[in-house]
Amino acid sequence: MDVAITGIPFYFDTYFPSMKKYFSISVVSLGLNRFATVTTDITNIKQAEQIIAAKNKELEQIVCVASHDLRSPLVNVEGYSQELGFVFDDLRSIMEDLKDEPDKIIPALEGLLAEITDSLTHIRLSVRQMDALLKGLLTLSRVGRAALKHEKVNMGLLLQRLIASMDYQIHKLDGQLEVSVLPYCWSDSVQISQVFSNLIGNALKYSHPERKPLVKIYGFSDNGKSKYVVEDNGIGIDKEHQEIIFELFHRLDPTAKEGDGLGLTIVKQILFRLDGSITVESEVGEGSRFIVTLQGAEND
Ligand code: ADP
């Protein structure tokens, strides 16, 4: 080993897949032809670094999307304010040109009034759009800061209560829900209710025009984890869009149904904080399956 010969210490980090651990190895010289290695378990540090990197990436994405999405209504406000400026220039010219013929002023103003109304309508719409985006960002930031509980959650009971609270929505959309026996998990019941409320809401909302929404919720234990599936018979999601739907404000068809493109971002954010995860499997025209993974717990 070079260290024993040169006396120059050597450091490196390594990962042992069989132990699922990271180690920092320092090799130091103890004199000619002698060396010692010091091995430090740095798995926690590496995991914290990975979490920070993921958080940073997420924040960057939020800032990028938010500034991009806020810009388009802002450009609209700017454009239509300019239009209003031109209308007022025309108004001034009309008043000036027709000051000796006041009876011609009102007919000349009619066209301008329509332009003013049109510009104001666009400005108001853009302001509302910006307001909705900012409210969305605020909701997301609240989700990211909410205090978390770590409790044993009876998912069957949680779903039963949640579905009862969604009764109006389910009836309005003529939906049917089937819930199987579910494994318990360790999590935060308030946050998890929000996750399933969003997933069930979407499963009902993105229904297929030719059939009534049928949502099946089932779960199973897998390697110390509890997995829950929210399955619908709706319109489905193209393979190439299955990742992007979790991005902030991303909607596949913004005109199709009401929404702000925030629900799945919130779901992902909550699960990230709870050390859980979500994946989707879907077939266009057939339906979707959202799979939530959480820390498993023994059923009572
Ligand atoms: P929103 O429903 O407000 O648009 P979400 O973040 O909940 O926002 O969903 C993002 C997009 O993902 C939706 O606009 C829709 O295009 C798609 N989507 C979500 N859930 C489903 C589903 N169960 N079936 C089909 N498409 C879905």
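As a starting point, this report considers the structure included with it. No experiment lies behind these values; they were computed from the predicted model shown.

## Some details on the overall build of the protein chain
The helix and strand inventory of the protein chain stands at seven helices and 10 strands. In terms of overall size, the protein chain is more extended than a compact globule, its C-alpha atoms giving a radius of gyration of 29 Å where 300 residues would be expected to give roughly 19 Å. Once the C-alpha set of the protein chain is aligned to its principal axes, its extents read approximately 110 × 60 × 35 Å. Residues counted as buried form 34% of the 300 residues belonging to the protein chain. In the protein chain, the proportion of contacts linking residues at least 24 apart, taken out of those at least 6 apart, comes to 66%. Counting every atom, the protein chain has about 18,700 Å² of accessible surface; 55% of that belongs to carbon and sulfur.

## Some points on the pairing of strand 2 (residues 21-29)
Pairing geometry for strand 1 (residues 10-16) and strand 2, over seven bridges, is antiparallel. Looking at strand 2, one finds that threonine 14 is bridged to phenylalanine 23. Here strand 1 hands over to strand 2 after four residues, with lysine 20 in that stretch at a positive phi of 55°. Where strand 2 meets strand 3 (residues 35-41), seven bridges bridge the pair, whose relative direction is antiparallel. In the sheet register, serine 26 faces strand 3, and the bridge partner there is valine 38.

## Structural notes on the packing of aromatic side chains
Under the criterion given, the structure shown has five aromatic pairs. Judged by centre distance (5.4 Å) and plane angle (75°), the rings of phenylalanine 16 and phenylalanine 23 are edge-to-face. Judged by relative accessible area, which is 11%, phenylalanine 23 ranks as buried. Aromatic pair phenylalanine 196 and tyrosine 228: ring centres 6.0 Å apart, planes at 90°, arrangement edge-to-face. Taken together, the residues phenylalanine 196 in helix 6 (residues 189-205) and tyrosine 228 in strand 8 (residues 225-232) connect sequence positions 32 residues apart. Each member of the pair, phenylalanine 196 as well as tyrosine 228, is classed as buried.

## Some remarks on the nonpolar core
Counting residues in each nonpolar core, the largest one holds 46 residues, and the members touching the most others are Leu159, Phe196 and Ile200. Those residues within four positions of leucine 159 in sequence are excluded, and the remaining contacts are Val179, Leu182, Phe196, Ile200 and Ile217. Leu84, Ile105, Leu112 and Ile116 belong to the second largest nonpolar core, which has eight residues in total.

## A word on the site of the ligand
Neighbouring residues of the ligand: 20 residues in total, closest Asn202, Tyr206, Arg251, Asp260 and Leu264. Take tyrosine 206: an N or O atom from its side chain is 2.6 Å from an oxygen atom of the ligand. The separation between an oxygen atom of the ligand and a polar main-chain atom of glycine 263 is 3.3 Å. Contact with the protein chains hides 97% of the accessible area of the ligand, taken as 530 Å² for the molecule alone.

## Quick notes on the sheet that holds strand 2
Here three strands make up an open sheet; going across it, the order is 1-2-3 and the pairing antiparallel. Whereas interior strands pair on both sides, the edge strands pair on one side only; in this sheet they are strand 1 and strand 3. In this sheet, neighbouring strand axes are inclined to one another by 25° on average, regardless of whether the strands run parallel or antiparallel. Contacts from helix 2 (residues 43-97) reach strand 1, strand 2 and strand 3 within the one sheet, and its direction differs from that of strand 2 by about 125°.

## Regarding helix 4 (residues 155-165)
Those residues of helix 4 that sit buried are Met155, Leu158, Leu159, Leu162 and Ile163. The arc enclosing the buried residues of helix 4, seen along the axis, measures out at 125°, which places them on a common side. Opposite the packed face of helix 4, turned more than 90 degrees from it, sit the exposed residues Gln160, Arg161, Ala164 and Ser165.

## Regarding the environment of aspartate 131
Tracing the backbone through its elements, the reader meets aspartate 131 in helix 3 (residues 105-145). Of the residues examined, aspartate 131 reaches a relative accessible area of 37% and is grouped as partly exposed. Sequence spacing of aspartate 131 and phenylalanine 249 is 118 residues, and the spatial spacing of their C-alpha atoms is 13 Å.

What counts and what doesn't
The numbering scheme is per chain: residues are counted from 1 as the chain's sequence reads. pLDDT decides what is reported in this predicted model: residues at 70 or higher carry local features, side-chain atom pairs at 80 or more are listed and counted, and totals for whole chains, interfaces and linings draw on all residues regardless. Hydrogens and water are ignored here; the side-chain numbers use all heavy atoms of the structure. To qualify as a helix, a DSSP run of H or I must reach at least 4 residues; to qualify as a strand, a run of E must reach at least 2; elements of each kind are numbered from the N terminus. What the globule rule says is 2.2 Å times the number of residues to the power 0.38, and the radius of gyration is computed from C-alpha atoms. A simple rule labels every residue: compare its accessible area, found with a 1.4 Å probe on the protein chains alone, to the largest value its type can have, and call it buried under 20%, exposed over 50%, or partly exposed in between. We call two residues in contact when some of their heavy atoms are within 4.5 Å. Only the protein chains shown count as covering a residue, and every accessible area follows the Shrake-Rupley method with a 1.4 Å probe. A pair of strands counts as paired when DSSP detects no fewer than two bridges linking them. Two aromatic rings from Phe, Tyr or Trp, using only the six-membered ring of Trp, form a pair when their centres are within 6.5 Å; if the ring planes differ by under 30 degrees the pair is stacked, by over 60 it is edge-to-face, and anything between is tilted. Only buried residues count toward a nonpolar core, which is a set of Ala, Val, Leu, Ile, Met, Phe, Trp, Tyr and Cys residues joined through side-chain atoms within 4.5 Å. A single heavy atom is enough: if one lies within 4 Å of a molecule or strand, its residue is considered near that molecule or strand. In protein, a polar contact requires one atom able to donate a hydrogen and another able to accept it; more generally it is a pair of N or O atoms within 3.5 Å, and residues adjacent in sequence count only if both atoms are side-chain atoms. Comment: axis = line fitted to C-alpha atoms, over the contacting stretch for helices; angle = value between 0 and 180 degrees taken between N-to-C directions. An arc is given here, and it is the one of the directions from the helix axis to the C-beta atoms.

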